[in-house]
Amino acid sequence: MKSYFKVGFLLLLWSLMVGCEQPAKDYKAAAANPEFFRQSVNKLTAVIVHDIFSPPVASRIYAYPHIAAYEILIHDYPQYQSLKGQLNGFTGVPQPAKDSVYCFPLASLQAFLAVGRNLTFSGDMLDEYEKQLHDKYSGMGVPREVQVRSLRYGQAVANAIMAYANEDGYKQTRGFRHQVKKQAGHWVPTPPAYMDAIEPNWFKVRPFVMDSCSQFTPAKPVAFNPVKGSPFYQEMLQVYETTNQLTDEQRAIASFWDCNPFVMHVTGHVMYATKKITPGGHWLGIASIASRQAGSDMMQTLEALTRVSLSLADGFISCWDEKYRSDRIRPETAINAHLDNNWVPLLQTPPFPEYPSGHSVISNAAAVVLTELFGPAFAYTDSTEVPYGLPARPFKSFQAAADEAAISRLYGGIHFMSAIENGATEGAQVGKYLVTKLKTRKPAGVVATVTPYQQK
C-alpha cells in the first residue's frame, strides 16, 4: 500500500510540475494572422486558374467564400457588422452557441475553403493546404474541442452560404449559347480559336449590392459605320495606329494587365494554351498587397478582400449586361475587314463582345473601394503577375492602376476608346454605390455589446 501511495504521490507531483512548466498557450494573437487569408485567396486563385474559369464566373467564385469568412470573423470584432440585409437576398448565417468557446479565425478560414471547394471543379487542390492550416492551429495550442467546434461552425456557415449562392440564378444561365448576328457591326468569333461568346446570360445572375444589372448602363457606343471619316472609323484607326507604333513601355503595360485566363497559341499544326490569372484575381492580389503594406489586422484584411470581391462581382454583372445588349464588333474583326487584312492585335482577343471594356469597369470599381479603405495616395508595388513571368510595377495610387489597366486594352488592340472611357465611368459608379450602400463597420458612437462567446 505504501508503494502504491508513493507512486501515486509522485505521479501527482509530476503532473503538477508539468502543469507549471507548460502552461496553456494563449493562441489568440497567432490565430488571427492576416497572412492566412492572403494565402487562402492565393490558393483559391490557383484552383481558378487551373480550372480555367471565365472572368465573370471567377468573380462569383471569389465573392461567396469571402462572405462566409466575413460573417464568422466579425464575432471577434464587435465594431464590424453583418452583411445580413445589405446584400440582395441575404438573410444571414447560423450563429455560434453563446456558451461555447470558438476559434473564429479557424472557423472563418474553414468556411472560406469549404465554399471555394464547392464552387470549383478541382477543389481537392485545397485539401493539403487545409490540412496544413489545421496543423498550424494545433501547434498554436488551440484546444482540440475548440478546434472541432470551430470547424463544425465554419462548415455550418459554409452550408448556409452555398444555399444563398444556389438562389442567385447562376444555374439557370448554364448551357446557353450566344446567337451570332449576321448584321454588320455585331460581334463574331475571333482568331485563333474562334470560341463561342462566354456567359451571354450573365446579366441574369443576382447582383450583390446593385439594385439591378442595368443600374449603371453606360452611354451607347459609337455607332458602327466603317466609312472613312466617321466616328467609328476614327476609333478603328486609333487602335490600328496605336498598336503599330507601340513603345516598349506600352507593350509592358498591355502584357501586365492581359489577365486572359485562356490564351490559345498556334504554331503550324500545333495548338496549345496557357492559363493566367483573371482580372478579378489580379485586383484581389492588389488588395492583399495593400493590406499587408498598411499593416492591416485579420479583420481589416478580410474586410478589404470582401469589399473588393463584391465590387468585382457586381462590376462584371453590370458590364456583361451591356456587352450582350450592344453586341459590338471587336477591333480585330473591324480592322481586318476595313483597314488591314493582315493586322493582328498585340493581345489575343477575348471571346465576347467588345463594349464596354471589362477591365475598365472592374478596375475602376475595385479602385474606388480600395481608395475608400486605404486613401487616395496609397503608393504600392504590384507583384501580382510575378508568378506568371511578368515583373512588378509600381503605382502611386489605386486610381493610377485602374487608369493603366483601362488604357492597356487600347495598347493590346482589343478595345475601342469609347469602350475604355465609358467602361471606366461605369465601373466608378459601381464602386461608389458599393462604398455608399454597403456598411461593414458599425456607425460611430454605437456601443457594441460583447456576447458570452466573445468573453470566453
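What counts, and where the lines are drawn
Residues numbered from 1 in each chain as written. Predicted model: local features only at pLDDT ≥ 70, side-chain atom pairs only at ≥ 80, totals over all residues. Heavy atoms only, no water. Helix = DSSP H or I, 4+ residues; strand = E, 2+ residues; numbered from the N terminus. Buried < 20%, exposed > 50% of the residue type's maximum accessible area, 1.4 Å probe, protein only. Contact = heavy atoms within 4.5 Å. Areas by Shrake-Rupley, 256 points an atom, 1.4 Å probe, with all protein chains shown as cover. Polar contact = N/O pair within 3.5 Å; in protein donor to acceptor, adjacent residues only side chain to side chain. Expected span 1.5 Å × (residues − 1). Arc of directions from axis to C-beta. Phe/Tyr/Trp six-rings, centres within 6.5 Å; stacked < 30°, edge-to-face > 60°. Lys NZ or Arg CZ within 6 Å of the ring centre and 35° of its normal. Core = buried A, V, L, I, M, F, W, Y, C linked by side-chain atoms within 4.5 Å. Axes fitted to C-alpha atoms, helices over the stretch in contact; angles between N-to-C directions. Parallel < 35°, antiparallel > 145°, perpendicular 65-115°, else oblique. Nonpolar A, V, L, I, M, F, W, Y, C, P; charged D, E, K, R; others polar. Salt bridge = Lys/Arg side-chain N within 4 Å of Asp/Glu carboxyl O.

Visitor: Can you help me understand the overall build of the chain in this one?
Guide: Within the chain, the regular secondary structure consists of 16 helices and four strands. Going through the 456 residues of the chain one by one, you find that 54% of them count as buried. Long-range contacts, defined here as pairs at least 24 residues apart, represent 82% of the contacts in the chain between residues at least 6 apart. With an accessible surface of roughly 20,000 Å², the chain has 56% of that area assigned to carbon and sulfur atoms.

Visitor: Would you mind showing me how to read the environment of Tyr-194 here?
Guide: If you trace the backbone, Tyr-194 turns up in the loop between helix H7 (144–165) and helix H8 (231–244). Residues Tyr-194 and Pro-351, 157 residues apart in the sequence, show an inter-C-alpha distance of 7.7 Å.

Visitor: How should the side chain of Arg-393 be read in this particular structure?
Guide: As for its placement among the helices and strands, Arg-393 is situated in strand S4 (residues 393–395). Engagement of the side chain of Arg-393 in a polar contact is seen with the side chain of Glu-249, the distance being 2.6 Å. Here Glu-404 takes part through its side chain, which lies 2.9 Å from a polar atom of the side chain of Arg-393.

Visitor: How should helix H6 (residues 127–140) be read in this particular structure?
Guide: Given 3.6 residues per helical turn, the α-helix brings residues three or four places apart onto the same face. Relative to the 20 Å expected for 14 residues at 1.5 Å per residue, H6 spans 20 Å between its end C-alpha atoms, a close match to the ideal helical length. Among the residues of H6, those classed as buried are Tyr-129, Glu-130, Leu-133, Tyr-137 and Met-140. Here the buried residues of H6 occupy an arc of 100° about the axis, which is enough to place them on one side. Residues of H6 that are buried sit in contact with helix H2 (28–31), helix H3 (35–51), helix H5 (104–119), H7 and helix H11 (298–326). Downstream of H6 by one or two residues, Gly-141 has phi in the positive range, about 100°.

Visitor: In this structure, what is going on with the packing of aromatic side chains? I would like to understand it.
Guide: Aromatic ring pairs are defined here through the distance separating the ring centres and the angle between the ring planes. Scanning the model with the defined rule gives 25 aromatic pairs in all. On the basis of an interplanar angle of 80° and a centroid distance of 5.9 Å, the ring pair of Tyr-170 and Trp-202 is categorised as edge-to-face. Residue Tyr-170 is found in the loop between H7 and H8, and its partner Trp-202 is found in the loop between H7 and H8; the two are separated by 32 residues along the sequence. The exposure class of Tyr-170 is buried, given its relative accessible area of 16%. For Trp-202, a relative accessible area of 1% corresponds to the buried category. Ring centres 6.1 Å apart and planes at 50° place the aromatic pair Phe-374 and Phe-398 in the tilted group. Taken together, the positions of Phe-374 in helix H13 (residues 358–374) and Phe-398 in helix H14 (residues 398–411) put the pair 24 residues apart, joining distant regions of the chain. Three or more aromatic residues joined by ring pairs make a cluster, and in this case those are Phe-256, Trp-257, Trp-283, Phe-374, Phe-378, Tyr-380, Phe-395 and Phe-398. Across the ring face of Tyr-170, the terminal group of Arg-60 is positioned such that the distance to the ring centre comes to 4.0 Å. Note that Lys-323 overlies the ring of Trp-320, its terminal NZ or CZ placed 5.3 Å from the centroid.

Visitor: I tried to follow the nonpolar core on my own but got confused; where do I start?
Guide: As a rule of thumb, soluble globular proteins bury nonpolar side chains together. The biggest cluster of nonpolar side chains holds 117 residues, and the ones touching the most others in it are Ile-67, Leu-87, Tyr-137, Phe-208 and Trp-283. In terms of residue count, H11 provides more of this core than any other element does, 14 residues in total. What Tyr-137 contacts, discounting residues up to four positions off in sequence, is Ala-31, Phe-36, Cys-103, Pro-105, Leu-106, Leu-109, Val-142, Gln-147 and Met-298.

Visitor: Teacher, can you tell me more about the packing of H3 against H5 here?
Guide: Think of two packed helices as two axes; the pair is described by the angle between the axes and how far apart they sit. Where H3 contacts H5, the axes come no closer than 11 Å and their chain directions differ by 5°. Taken as axis vectors, H3 and H5 run roughly parallel relative to one another. When H3 is examined against H5, the residues Phe-36, Phe-37, Ser-40, Val-41 and Leu-44 are found in contact with a partner set consisting of Ser-108, Leu-109, Phe-112 and Gly-116. The residue makeup of the contact of H3 with H5, split by class, is six nonpolar, three polar and no charged.

Visitor: When you look at the pattern of salt bridges in this model, what are you seeing that I'm missing?
Guide: In a structure, side chains of opposite charge can pair up when their charged atoms sit close to one another. Throughout the structure, instances matching the rule amount to 19 salt bridges. A salt bridge links Glu-35 to Arg-38, with the nearest nitrogen and oxygen atoms 2.6 Å apart. With a gap of three residues between them, Glu-35 and Arg-38 both fall in helix H3, about one helical turn apart. For Arg-38, a relative accessible area of 3% puts it in the buried group.

Visitor: Please clarify how helix H12 (residues 331–338) should be interpreted in this entry.
Guide: Listing the buried residues of H12 in full gives Pro-331, Glu-332, Ala-334 and Ile-335. Viewed along the axis of H12, the buried residues span an arc of 170°, placing them on a single side of the element. Next to the buried residues of H12 lie H8.

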